[in-house]
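Chain and residue survey
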Amino acid sequence: MAKGRKSNKPREEKSDWQERVVQIRRVTKVVKGGKKLSFRAIVVVGNERGQVGVGVGKASDVIGAVKKGVADGKKHLVEVPLTKSNSIPHPTNGSGGGAKVMMRPAAPGTGVIAGGAVRTVLELAGVKNILAKQLGSGNPLNNARAAVSALDGLRTFAEVAEERGIPIENLYA
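Just so you know, these numbers come straight off a predicted model, no measurement behind them.

So, about the overall build of the protein chain. When its secondary structure is counted, the protein chain shows five helices and eight strands. The helix and strand sequence of the protein chain, counted from the amino end, reads α-β-β-β-α-β-β-β-β-α-β-α-α. Of all 173 residues assigned to the protein chain, the portion counted as buried reaches 36%. The contacts of the protein chain with a sequence gap of at least 6 include a subset with a gap of at least 24, amounting to 53%. A total accessible area of about 10,700 Å² is found for the protein chain, and carbon and sulfur atoms account for 51% of it.

Only one face of strand β5 (residues 92-96) is covered, namely the one carrying Thr92, Gly94 and Gly96; the face carrying Asn93 and Ser95 has none of its residues buried. Two strands pair when backbone bridges link them, and β5 and strand β6 (residues 99-105) are joined in this way by five bridges, in the antiparallel orientation. Bridged to Ser95 within β6 is Lys100. Counting the residues that bridge the hairpin from β5 to β6 gives two residues, and of these Gly97 lies at a positive phi of roughly 65°.

Attention now goes to a nonpolar patch on the surface. Together, Val21, Ile24 and Val62 give the surface a local cluster of nonpolar side chains, amounting to about 210 Å² of exposed area. With respect to the helices and strands, Val62 occurs in helix α2 (residues 62-75).

Residue position: Asn129 is located in the loop between α3 (116-125) and β8 (130-136). Residue Asn129 is classed as buried on the basis of its relative accessible area, which comes to 7%. When near neighbours in sequence (up to four residues on either side) are disregarded, Asn129 contacts Ser85, Asn86, Ser87, Ala106, Ala107, Pro108, Gly109, Thr110 and Gly111.

Spatial ordering of the open sheet is given by β5-β6-β8-β7, a layout of four strands whose pairing is mixed. Looking at the sheet topology across the chains shown, the edges are occupied by β5 and β7 (112-113). Here β7 runs beside β8; their pairing, made up of two bridges, is parallel. Bridge pairing in β8 links Ile113 to Leu131. Across the sheet, α3 touches β6, β7 and β8, and the angle it forms with β8 is around 145°.

Rules and cut-offs
- Residues numbered from 1 in each chain as written.
- Predicted model: local features only at pLDDT ≥ 70, side-chain atom pairs only at ≥ 80, totals over all residues.
- Heavy atoms only, no water.
- Helix = DSSP H or I, 4+ residues; strand = E, 2+ residues; numbered from the N terminus.
- Buried < 20%, exposed > 50% of the residue type's maximum accessible area, 1.4 Å probe, protein only.
- Contact = heavy atoms within 4.5 Å.
- Areas by Shrake-Rupley, 256 points an atom, 1.4 Å probe, with all protein chains shown as cover.
- Pairing = 2+ DSSP bridges.
- Patch = residues over 30% accessible without salt bridge, like charges linked within 9 Å, V, L, I, M, F, W, Y side chains within 5 Å.
- Salt bridge = Lys/Arg side-chain N within 4 Å of Asp/Glu carboxyl O.
- Axes fitted to C-alpha atoms, helices over the stretch in contact; angles between N-to-C directions.

Printed below as a string of structure tokens:
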């Protein structure tokens, strides 16, 4: 019996992934017998080192919905290139549904200037200095997806130089 207990302990490894619930919605579906109640959870998953994802989970209980959202978020991870000052390399825009998000790099010490779901996405991606603005929709799911699409479109100077087939020094000229 003691062996069984010891074997369970290594499975509980310390994970560097963080999860934040952005929204929990109670949704009802009208069926023949009445109303069927379930929950929808929007979850942002990130490791604060350049990887972030947004997931949605639906279940009949809140805990199940959050677990499904975390699993969905880990399936839809994007890599975010960060600068030395923990900012983004260049200004970018993203859209998701009716929401649009504008992001600009900021000087060290600025902090994360963003609101709602976009702030959560940026913090879990590991961005420390950025200016962001939500435009259009106020829907948290669309705003989170717009933020992820904006971060997904980022490229570093090295990537651009490699695509063009020129030395990185020639980009600054």
